[in-house]
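Okay, here's what each chain looks like letter by letter:
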Amino acid sequence: MATPLRSAAAAALRRARTARTAKPASASRPGLLLPTPTTTTTAGTRPFTAATTALSPSSSSAKILLEDRESGFGFTRHNPIAPKPRSRAVTEIRGPYYSVMGARYLSDVLETMGAHVDGLKFAGGSFSLFPEAPLRQLIELAHAHGVYVSTGGWVEHILASSGGDVGGAVDKYLAKCKDLGFDVIELSTGFLSLPPDDWVRLAERVQEAGLKPKPELGIQFGAGGDTSAAELQSIGTSDPSKVINMAKRFVQDAGVERLMIESEGITENVQSWRTDVIQSILKEIPLEKVMFEAADPSVFNWYIREFGVDVNLFVDHSQIVQLAGLRAGIWGKSDTFGKITTFRP
């Protein structure tokens, strides 16, 4: 049955497709690689913000019941949600990877919880497995709800398997991602040894293409895939200072807006959590410049308890309701229930 929200979403998708057809005819031909622009008009002024206009009556702009004082539950104590675009309390969700996600599935997620979702990530190279039309539909749907769209760390595959013309392959990859509507390119090196200067140069290449680079840093080599915990432990971890020094270069020298901190070796596939690594990172890098991978309820519960509601987190899409409730302070585990507060008069 059609609902006002579904009708609004459909209308937004039609507007997005209409806007797309207004491009030069050469830009819409299948398979044509677009030239990579050297500047971008809006991405530099909005934090990881989707390039298209959000739905007017969507879940992204409609008042949630918890903040409706007149006819909802606004009379209860809660932490208010900041409007989008946000630089703190940002939540990025994993899209299709462990489960299939189509337009109907994503529409359900965003119609109900879109106000709490800032970004959608296609893990790894999962987006390359889609036919183009349904992939574009998912990206347009995310944009219609004010949600930016990020690739996973598939650039590792591009760098490692492109033969002699690595630069050309990277440019083609960025051009196609831009054409599809991606806003953010994740730059992972969990399986690669890449010199620091080259990693910064890669971030600058993404910026030149009119996209946002999101470097993913961690202390565990071999992270980000399906490597067993035992094998990861046998490889060992890097010193946290390596992550901090690289993060400073990205933020201070390359002007990167936000970094992703890989969970493996810190809170995932470890015998005990390396909370010292997290504390060391936040001593040197501003909170709004960092996002932590926390796709486990115990992990994001700890982050909210330790750093408050403003910490930026990456979780699975199945966990967005639980995380939103924790940020709002309306429920939690035994150590957080009724204890997550803010003071913003």
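### Examining the overall build of the chain
Argument step 1. A tally of regular secondary structure across the chain gives 11 helices and eight strands.
Argument step 2. Buried residues in the chain amount to 49% of all 345 residues.
Argument step 3. Long-range pairs, those at least 24 residues apart, make up 76% of the contacts in the chain with a sequence separation of at least 6.
Argument step 4. Taken as a whole, the chain presents about 16200 Å² of accessible surface, with 55% of it coming from carbon and sulfur.

### Focus: the pairing of strand β8 (residues 312–316)
Argument step 1. Most of β8 sits out of view: five of its five residues are buried.
Argument step 2. Sheet topology places strand β1 (residues 91–94) next to β8; four bridges connect them, and they run parallel. Across the sheet, I93 pairs through a bridge with V315, a residue of β8.
Argument step 3. In the sheet, strand β7 (residues 290–293) pairs with β8 via three bridges, with the strands oriented parallel. Bridge assignment links F292 to a residue of β8, and that residue is L313.
Argument step 4. Taking the sense of rotation as the criterion, the β-α-β connection linking β7, helix α10 (residues 297–307) and β8 turns out right-handed.

### Considering helix α5 (residues 166–180)
Argument step 1. Between its terminal C-alpha atoms α5 stretches 21 Å, which fits the 21 Å expected from 15 residues at 1.5 Å a residue.
Argument step 2. Within the sequence span of α5, burial applies to G168, V170, Y173, L174, A175, C177, D179 and L180.
Argument step 3. Phi turns positive one or two residues past the end of α5, at G181, with a value near 110°.

### Regarding unusual backbone geometry
Argument step 1. Cis geometry is found at the peptide bond from K84 to P85, where omega equals -5°.
Argument step 2. As for its placement among the helices and strands, P85 is situated in the loop between α1 (4–21) and β1.
Argument step 3. We note that A89 has phi near 55°; this positive angle belongs to a residue other than glycine.
Argument step 4. The topology assignment puts A89 in the loop between α1 and β1.

### Looking at a nonpolar patch on the surface
Argument step 1. A cluster of nonpolar residues, V321, I330, W331 and F337, forms a patch on the protein surface that exposes about 360 Å² of accessible area.
Argument step 2. For F337, the position within the fold is in the segment after α11 (320–328).

### Quick word on the environment of L120
Argument step 1. The topology assignment puts L120 in strand β2 (residues 119–122).
Argument step 2. On the basis of relative accessibility, which here comes to 1%, the residue L120 falls in the buried class.
Argument step 3. Separated by 62 residues in the primary sequence, L120 and F182 have C-alpha atoms spaced 9.9 Å apart.

### Observations regarding the pattern of salt bridges
Argument step 1. Inspection of the entire model under this criterion finds 20 salt bridges.
Argument step 2. E186 is the partner of K214 in a salt bridge, and the nearest nitrogen-oxygen pair spans 3.2 Å. A residue pair is termed long-range when its members are at least 10 positions apart, and K214 in strand β5 (residues 212–217) and E186 in strand β4 (residues 184–188) qualify at 28 residues. Exposure class is identical for K214 and E186. Each is buried.
Argument step 3. When the shortest N-O distance is used, the salt bridge between R201 and D198 registers 2.8 Å. Of the two residues, R201 and D198 both sit in helix α6 (residues 196–208), three residues apart, roughly one turn of that helix.
Argument step 4. A relative accessible area of 31% means that D198 is categorised as partly exposed.
Argument step 5. A network of salt bridges, in which partner residues are shared, links E92, K121, E186 and K214.

### Digging into the packing of aromatic side chains
Two aromatic rings, taken as a pair, are described by how far apart their centres are and by the angle between their planes.
Argument step 1. Taken as a whole and judged by the stated rule, the model has 13 aromatic pairs.
Argument step 2. With centroids separated by 5.8 Å and ring planes inclined at 75°, the aromatic side chains of F122 and F182 adopt a geometry described as edge-to-face. Here F122 is found in strand β2, whereas its partner F182 is found in the loop between α5 and β4, with 60 residues between them in sequence.
Argument step 3. Exposure remark for F122: the relative accessible area of 0% places this residue in the buried category.

### With respect to the nonpolar core
Argument step 1. F122, L217, F250, F292, Y303 and L313 are the most contacted members of the largest nonpolar core, which totals 73 residues.
Argument step 2. At six residues, helix α8 (residues 240–253) tops the list of elements feeding residues into this core.
Argument step 3. With near-sequence residues (within four places) excluded, Y303 lies in contact with T267, I278, F292, E293, A294, G308, V311 and L313.
Argument step 4. Listed in part, the seven residues of the second largest apolar core include F48, V90, M260 and F314.

Reading guide: rules and limits
- For every chain, the first residue of the written sequence is number 1, and numbering continues from 1 onward in sequence order.
- Given that this is a predicted model, residues contribute local features only at a pLDDT of at least 70 and side-chain atom pairs are listed and counted only at 80 or more, while totals for whole chains, interfaces and linings are drawn from all residues.
- Note that water and hydrogens are dropped before the side-chain values are worked out from all heavy atoms of the structure.
- The secondary structure listing takes helices from DSSP runs of H or I that are at least 4 residues long and strands from runs of E that are at least 2 residues long, numbered from the N terminus.
- Exposure is judged per residue with a 1.4 Å probe applied to protein chains only, and the accessible area is read against the type maximum: over 50% gives exposed, under 20% gives buried, and values in between give partly exposed.
- Note on definitions: a residue-residue contact is assigned when non-hydrogen atoms from the two residues lie within 4.5 Å.
- Accessible surface is estimated by sampling points in the Shrake-Rupley manner with a 1.4 Å probe; for residues, cover comes only from the protein chains shown.
- When DSSP finds at least two bridges between two strands, those strands are taken to pair.
- Note on handedness: a clockwise path from strand one over the helix to strand two, with the strands aimed away from the viewer, defines a right-handed crossover.
- To estimate the expected span of a helix, subtract one from its residue number and multiply by 1.5 Å.
- Patch membership requires more than 30% relative accessible area and the absence of a salt bridge. Residues of like charge join within 9 Å; the nonpolar side chains Val, Leu, Ile, Met, Phe, Trp and Tyr join within 5 Å.
- By salt bridge we mean one thing: a side-chain nitrogen of Lys or Arg within 4 Å of a carboxyl oxygen of Asp or Glu.
- Each Phe, Tyr or Trp ring, with Trp reduced to its six-membered ring, pairs with another whose centre is within 6.5 Å; inter-plane angles below 30 degrees give stacked pairs, above 60 give edge-to-face pairs, and intermediate values give tilted ones.
- Here, nonpolar core refers to any group of buried Ala, Val, Leu, Ile, Met, Phe, Trp, Tyr and Cys residues whose side-chain atoms link them within 4.5 Å.

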